[in-house]
Amino acid sequence: MKHITVLKEEAIQYLAIKPQGIYVDGTLGGAGHSKRILEELKGGFLYAFDQDQFAIDYAKEVLKDFDHYEIIKSNFRYLKDELEKRHVKGIDGLLLDLGLSSFQIDDVSRGFTYLKETSLDMRMDQHQRLTAEEIVNTYELDELARIFYVYGEEKNAYKIARRIIDARPLRTTMDVVNICDQVNYKEKGHSAKRVFQALRIAVNDELTVLEEVLKDAVDLLNPDGRLVVITFHSLEDRIVKHFFRDESEEDPVLKRLPVLTQNTSKTEVITRKPIYPSEKELLENSRSKSAKLRALRRR
Ligand SMILES: C[S@@+](CC[C@H](N)C(=O)[O-])C[C@H]1O[C@@H](n2cnc3c(N)ncnc32)[C@H](O)[C@@H]1O
């Protein structure tokens, strides 16, 4: 299935693109956002990151009519290093549209789905070593339970971890789903939804890479540069919200000085509340229902 870009025009609006600016799309995916950025650039340049070769091949086709861009096959956690290699010292905007694209979810062999029997993979980068299979078959009880509890907010984390350990070796997605079915039999939604979210976050180290890239992005932003992030679950959104708030807070000592009238922080949050998809978008694309956009501006 084709990937439908979420909050496309809202992301462009908050990036406030300067036609000659240098922009980074940290999550190229189906290239919907990248294409819109490229349409706005006149003399500017776009660097687009993705760690998934399939997404890159797909995106190249979508962007075939443009030439003012470069695709970088890398985790966006290496943003700073990759830009340094290219002698880029400052950027005017970074967009992150987190999570997976529809074609990754729909490709059963990638192991992201709890609806079909397939291998326990869940890697966004197919060259990475760690898979979901390795986690469920080798991690100790406490660590497995922690992953389910923290990354999945799964209240039966311990019970599920215990049963997984007793059932080893587990080979397919259904081996995990069956255990979740037994434990979460009262659940209204899918019994394995939270455990699969947790495994995916752990396999791809998603929360750590987000924290890392946010820090580096602020250092890289030129004055008036923008950082725009679209998240799909509360754990990601919490990280972005707190980072933006902390980064934009005034120095508590300077704040008390009567002579200072201007905010001294490096950045300001330009979305006081998160931006949600419109009614129209929600009707057209059910995947957009959990999306939230937040934006930050470098002073
Ligand atoms: C939601 S999709 C992006 C869709 C895109 N904005 C569009 O309009 O089509 C997220 C993409 O980012 C990639 N991705 C997620 N986390 C990444 C990371 N840490 N480093 C590099 N790519 C990542 C995924 O492989 C996926 O292709």
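Residues numbered from 1 in each chain as written. Predicted model: local features only at pLDDT ≥ 70, side-chain atom pairs only at ≥ 80, totals over all residues.

Right, let's get into the site of the ligand. Neighbouring residues of the ligand: 22 residues in total, closest Thr-5, Thr-27, Gly-29, Gly-30 and Gly-32. The set of elements that each furnish at least two residues to the shell around the ligand consists of helix H2 (32-40) and strand S2 (45-50). Partitioning the shell around the ligand into residue classes produces 7 nonpolar, 11 polar and 4 charged. (Near = placed C-beta within 6 Å. Helix = DSSP H or I, 4+ residues; strand = E, 2+ residues; numbered from the N terminus. Nonpolar A, V, L, I, M, F, W, Y, C, P; charged D, E, K, R; others polar.)

Turning next to the packing of helix H8 (residues 157-167) against helix H9 (residues 173-183). Between H8 and H9, whose axes approach to 10 Å, the crossing angle comes to 135 degrees. The orientation of H8 with respect to H9, classified from their angle, is oblique. Here H8 runs over H9; the crossing is right-handed. Taking contact as the criterion, the partners of Lys-159, Ile-160, Arg-163, Ile-164 and Ala-167 in H8 are, on H9, Asp-175, Ile-179, Cys-180 and Val-183. Looking at the contact of H8 with H9 residue by residue, the class counts come to 6 nonpolar, no polar and 3 charged. (Axes fitted to C-alpha atoms, helices over the stretch in contact; angles between N-to-C directions. Parallel < 35°, antiparallel > 145°, perpendicular 65-115°, else oblique. Left-handed = near helix turned anticlockwise from the far one by under 90°. Contact = placed C-beta atoms within 7 Å.)

Taken domain by domain, the protein chain consists of domain 1 (8-103 + 206-298) and domain 2 (117-204). Considering only residue class, the side of domain 1 that touches domain 2 consists of 2 nonpolar, 4 polar and 2 charged. (Domains from an automatic or database assignment.)

Next up on the list: unusual backbone geometry. The omega angle of the peptide bond from Arg-168 to Pro-169 is 0 degrees, so this bond is cis rather than trans. Relative to the helices and strands, Pro-169 resides in the loop between H8 and H9. Despite not being glycine, Leu-7 has its phi angle at roughly 50 degrees, a positive value. Among the residues examined, Leu-7 registers 22 C-beta atoms within 10 Å and is labelled buried. (Buried ≥ 20, exposed ≤ 12 C-beta atoms within 10 Å, placed from the backbone.)

For the rest of this paragraph, the subject is the nonpolar core. By size, the foremost hydrophobic cluster in this structure holds 47 residues, and its most contacted members are Ala-11, Ala-48, Ala-217, Leu-227, Val-228, Ile-230 and Leu-293. When near neighbours in sequence (up to four residues on either side) are disregarded, Ala-11 contacts His-33, Leu-95, Val-228, Ile-230 and Leu-293. (Core = buried A, V, L, I, M, F, W, Y, C linked by C-beta atoms within 7 Å.)

Turning our attention to the sheet that holds strand S3 (residues 69-73). The 7 strands are arranged S3-S2-S1-S4-S5-S7-S6 in an open sheet whose pairing can be described as mixed. The open sheet has two free edges, formed respectively by S3 and strand S6 (267-269), since each of these has just one partner strand. Within the sheet, the average angular offset between the axes of one strand and its neighbour, ignoring direction, is 15 degrees. Sheet contacts for helix H12 (residues 234-248): strand S5 (221-231), S6 and strand S7 (292-298); angle to S7, the most-contacted strand, approximately 20 degrees. (Pairing = 2+ DSSP bridges.)

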